[in-house]
Amino acid sequence: MLDSRALPKAELHLHIEGTLEPEMLFTLAERNGVKPKYPTIEALRKAYDFTDLQSFLDVYYEGMRVLRTTEDFRDLTIAYFERVSTQGVRHAELFFDPQAHLDRGLGFETFLDGIWEGAREAERRFGITSHLIMCFLRDLSAQSAMATLDAALPYRERIVGVGLDSAEVGNPPTKFATVFDRARAEGFLTVAHAGEEGPPEFIWEALDVLHVARVDHGVRCIEDQQLVDRLRRQRVPLTVCPLSNVRLRVVPDLAHHPLKRMLDLGLVATINSDDPAYFGGYVGDNFFQTAAALKLSDEELVTVARNSFEASFIDDVSKRRYLKELESATDAARA
Ligand code: ADE
Ligand code: ZN
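Residues numbered from 1 in each chain as written. Chains lettered and ligands numbered in written order. Predicted model: local features only at pLDDT ≥ 70, side-chain atom pairs only at ≥ 80, totals over all residues. Heavy atoms only, no water.

Remarks on helix α14 (residues 283-294)
As a reminder, the rule being used: Numbering of helices and strands runs from the N terminus; a helix is a DSSP stretch of H or I covering at least four residues, while a strand is a stretch of E covering at least two. The length a helix should cover is 1.5 Å for every residue beyond the first. When a residue's accessible area, from a 1.4 Å probe over protein chains only, is under 20% of the maximum for its type it is buried; when over 50% it is exposed; and in between it is partly exposed.
Helix length check: α14, at 12 residues, gives a terminal C-alpha distance of 16 Å against a target of 16 Å (1.5 Å per residue), a fit within 8%. All of the buried residues along α14 are Val 283, Gly 284, Asp 285, Asn 286, Phe 287, Thr 290, Ala 291 and Leu 294. Of the residues trailing α14, Lys 295 is marked for its positive phi of about 50°.

Some remarks on the packing of aromatic side chains
Here is the rule we go by: Two aromatic rings, drawn from Phe, Tyr or Trp (for Trp, its six-membered ring), form a pair once their centres lie within 6.5 Å of each other, and the interplanar angle then sorts them: stacked below 30 degrees, edge-to-face above 60, tilted otherwise. Charges are assigned to positions over rings by a cutoff of 6 Å between ring centre and Lys NZ or Arg CZ, combined with an angular limit of 35 degrees from the ring normal.
Applying the stated criterion across every chain, the model contains 17 aromatic pairs. Between the aromatic rings of Phe 56 and Tyr 60, the centroid separation amounts to 5.1 Å while the plane-to-plane angle is 40°, which identifies the pairing as tilted. With Phe 56 and Tyr 60 both in helix α3 (residues 53-63), this residue pair falls four residues apart, about one helical turn. Residue class for Phe 56 comes out buried when judged on its relative accessible area of 2%. Considering the side-chain rings of Phe 56 and Phe 279, the 4.8 Å spacing of their centres and the 50° angle between planes classify their relative orientation as tilted. One end of the pair, Phe 56, is in helix α3; the other, Phe 279, is in helix α13 (residues 276-279), with 223 residues separating them in the sequence. Residue Phe 279 is classed as buried on the basis of its relative accessible area of 1%. Put simply, the rings of Tyr 48, Phe 50, Phe 56, Tyr 60, Tyr 61, Tyr 278 and Phe 279 touch in pairs and so form one group of aromatic residues. The ring of Phe 288 has Arg 5 lying over it, and the distance from NZ or CZ to the ring centre is 4.5 Å.

Remarks on the coordination of the zinc ion (ligand 2)
Ideal coordination angles are 109.5 degrees for a metal with four donors arranged tetrahedrally and 90 or 180 degrees for a metal with six donors arranged octahedrally. So the rule is basically this: A donor here means an N, O or S atom no more than 2.8 Å from the metal, or no more than 3.2 Å when the metal is Na, K or Ca. Since water is not included, a site may seem to lack partners. Every angle between 85 and 135 degrees makes a four-donor site tetrahedral, while opposite donors more than 155 degrees apart, with all other angles between 65 and 115, make a four-donor site square planar and a six-donor site octahedral; other sites are irregular.
Here the zinc ion (ligand 2) is held by His 13 (NE2), His 15 (NE2), His 193 (NE2) and Asp 274 (OD), and the distances to it run 2.1 to 2.2 Å. Taken together, the four donor atoms surrounding the zinc ion (ligand 2) define angles of 84 to 173° at the centre, an arrangement classified as irregular. Ordering the donors of the zinc ion (ligand 2) by residue number gives the pattern H-x1-H-x177-H-x80-D. Taken together, the residues His 13 in strand β1 (residues 9-15) and Asp 274 in the loop between β8 (268-271) and α13 connect sequence positions 261 residues apart. Both residues of the pair, His 13 and Asp 274, belong to the buried class.

As for the site of ligand 1
Rules: Nearness here has a simple test: a residue counts as near a molecule or strand if at least one of its heavy atoms is within 4 Å of that partner. Here a polar contact is taken to be a pair of N or O atoms separated by no more than 3.5 Å, where protein atoms must pair a possible hydrogen donor with a possible acceptor and residues adjacent in sequence count only if both atoms sit in side chains. Accessible surface area values rest on a Shrake-Rupley calculation with a 1.4 Å probe, where residue burial reflects the displayed protein chains alone. Any residue outside Ala, Val, Leu, Ile, Met, Phe, Trp, Tyr, Cys, Pro, Asp, Glu, Lys and Arg is labelled polar, Gly included; the first ten of those are nonpolar and the last four are charged.
Around ligand 1, the surrounding shell consists of His 15, Leu 53, Phe 56, Leu 57, Tyr 60, Asp 165, Ser 166, His 193, Glu 196, His 217, Asp 274 and Asp 275. Asp 274 is positioned such that a nitrogen or oxygen atom in its side chain is 2.6 Å from a nitrogen atom of ligand 1. Within the complex, the protein chains bury 100% of what would otherwise be the 260 Å² of accessible surface of ligand 1. At four residues, the largest contribution of residues to the shell around ligand 1 is made by α3. A per-class count over the shell around ligand 1 returns four nonpolar, four polar and four charged.

Written as structure tokens, this is what we have:
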């Protein structure tokens, strides 16, 4: 049987700020003289009993107050790569939330240098390649997103794409049409969270208005047969995050997660961790637990891993190399 935790894979939906483990949160709080809202690790973990996306976001934005220096972001990034180096990750595309840091008075270079240096060091130490995608916070204004895009332009070469995250309901993709037009004109690839808590219409908008190359989450597409047909025909990848969906009550439990149905419908679904420090598992854990709950076959797991490389923004030569490695790993498991 295939070890899905160790299967070669790419992670395409990962918020680097969502990898802040409680232990590191307290270490950084001390290092930076920041007083955490929750006085102990136990009290903090108790706050991880989320009822919806907003209840998570409140804890997530609160937690990241301890991230103050380039060194903090570098340490955070290296710790993520170290963890997933034992879970088969060969390539990762990391989201980061500039506005959540700029609004606290940090300079763009502070967090970008830290994440970038961490990623370079991880590539040297663990051989994992990566790209960075900056997300706009959709509950802030379009003007704020445009100002963030301007602030990012000096760092253009280090950022492969732009995305859209934070509170979905009430903040449709169309709100950011002009910002995304400009981002594409500047050469950024585009992705967007859509159809996590928001309706299938937001997935249509992400495709038709923001021209996204991938949809993040997208699980609510299954409520709309025409949308499913479109996603399948155009082979639009969906970066699904099963443990996140359970913790944020998008689905009641893993056994009721639509991932298997999505695969049966011919959708290009991938498995990812979203905010692993908050949702109880990294990407290999998401593979393993989802496979067990939905009784995914080895064939289906290999398809999901293959989808992850095919849907990634890596160059074609690297893509072929990773796909070959996946093939060798599955051949070895079958032998
Ligand atoms: N930011 C971090 N995680 C998120 C999620 N699951 N949905 C929307 N915004 C997020
Ligand atoms: Zn996300």
